[in-house]
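# Summary of structural features
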Amino acid sequence: MYLPAPFQLLELHRLEHLSRELAGVAGELGGLCPALRSRAADLPWHSAGARAFQAVLHELLGQLGQSGMRLAELSAAVRAHRQRATDRAAAMGRVAHTALDAVERAVRLP
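Read on for a plain summary of the structure. Keep in mind that this is a model prediction, so the values were computed, not measured. (Residues numbered from 1 in each chain as written. Predicted model: local features only at pLDDT ≥ 70, side-chain atom pairs only at ≥ 80, totals over all residues. Heavy atoms only, no water.)

### Focus on the overall build of the chain
As a reminder of what qualifies: Helix and strand definitions follow DSSP, with helices as H or I runs of at least four residues and strands as E runs of at least two, each counted in order from the N terminus. With a 1.4 Å probe rolled over the protein chains alone, any residue whose accessible area is under 20% of its type maximum counts as buried; one over 50% counts as exposed, and the rest are partly exposed. The criterion used for residue contact is that any of the two residues' heavy atoms lie within 4.5 Å.
Per the secondary structure count, the chain includes 2 helices and 0 strands. Classification of the 110 residues of the chain by burial places 19% in the buried group. Residue pairs at least 24 apart in sequence account for 86% of intrachain contacts in the chain once pairs closer than 6 positions are excluded.

In structure tokens:
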């Protein structure tokens, strides 16, 4: 009797693709924040309103940096989930094939 591989039940390539995509965006944000901070530092902040805007901008850039770190963490979590899913699917496949072999032997007995 044919039993499909458990990997066919999971779309592991989609998890890998998602993990890489999240890591890419995290990397882009990681490079963007210092560039924006550098450009903002080069601007002349003379008025009280400009300094208030600078403070808000600094806070928002900090939040953007945190978002980048969280995306990197999410990427790692998705990658770890993919590995656990792969391991568990393989274990399920071994158990299923063992059980199926036992049933086939029992059915073939005279």
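### Brief notes about the packing of helix α1 (residues 12–42) against helix α2 (residues 48–108)
Inclusion rule: Axes, fitted as lines to C-alpha atoms, cover a helix only where it is in contact. Angles between the N-to-C directions of the axes lie from 0 to 180 degrees. For classification purposes, angles smaller than 35 degrees are called roughly parallel, those larger than 145 roughly antiparallel, those between 65 and 115 roughly perpendicular, and all remaining angles oblique. Left-handed describes a crossing whose near helix is turned anticlockwise from the far helix through less than a right angle; right-handed describes the clockwise counterpart.
With their axes 8 Å apart at the nearest point, α1 and α2 run at an angle of 160 degrees to one another. What the angle tells us is that α1 and α2 run roughly antiparallel. For the crossing formed where α1 meets α2, the hand is left-handed.

### Section: the pattern of salt bridges
The criterion, for reference: Salt bridge, as used here: a side-chain nitrogen of Lys or Arg that lies within 4 Å of a carboxyl oxygen of Asp or Glu.
Across all of its chains, the model carries 2 salt bridges by this definition. Put simply, Glu16 and Arg20 hold a salt bridge, and the shortest N to O gap is 3.1 Å. With Glu16 and Arg20 both in helix α1, this residue pair falls 4 residues apart, about one helical turn. Owing to a relative accessible area of 59%, Arg20 belongs among the exposed residues under this scheme. Among the ionic pairs, Arg82 bridges to Glu16, the shortest N-O distance being 3.5 Å. Here Arg82 is found in helix α2, whereas its partner Glu16 is found in helix α1, with 66 residues between them in sequence. A single salt-bridge network, built from bridges that share partners, covers Glu16, Arg20 and Arg82.

### A closer look at α1
One full turn of an α-helix is made of 3.6 residues, so residues set three or four places apart face in the same direction. Counted only if it meets this: For a helix, the expected span equals 1.5 Å multiplied by the number of residues minus one.
The end-to-end C-alpha distance of α1 is 46 Å, a good match for the 45 Å that 31 residues give at a rise of 1.5 Å each. Buried residues along α1 sit in contact with α2.

### Thoughts on the environment of Arg70
Locating Arg70 in the fold gives a position in helix α2. Spatially, the C-alpha atoms of Arg70 and Leu22 are 9.7 Å apart, while their sequence positions differ by 48 residues.

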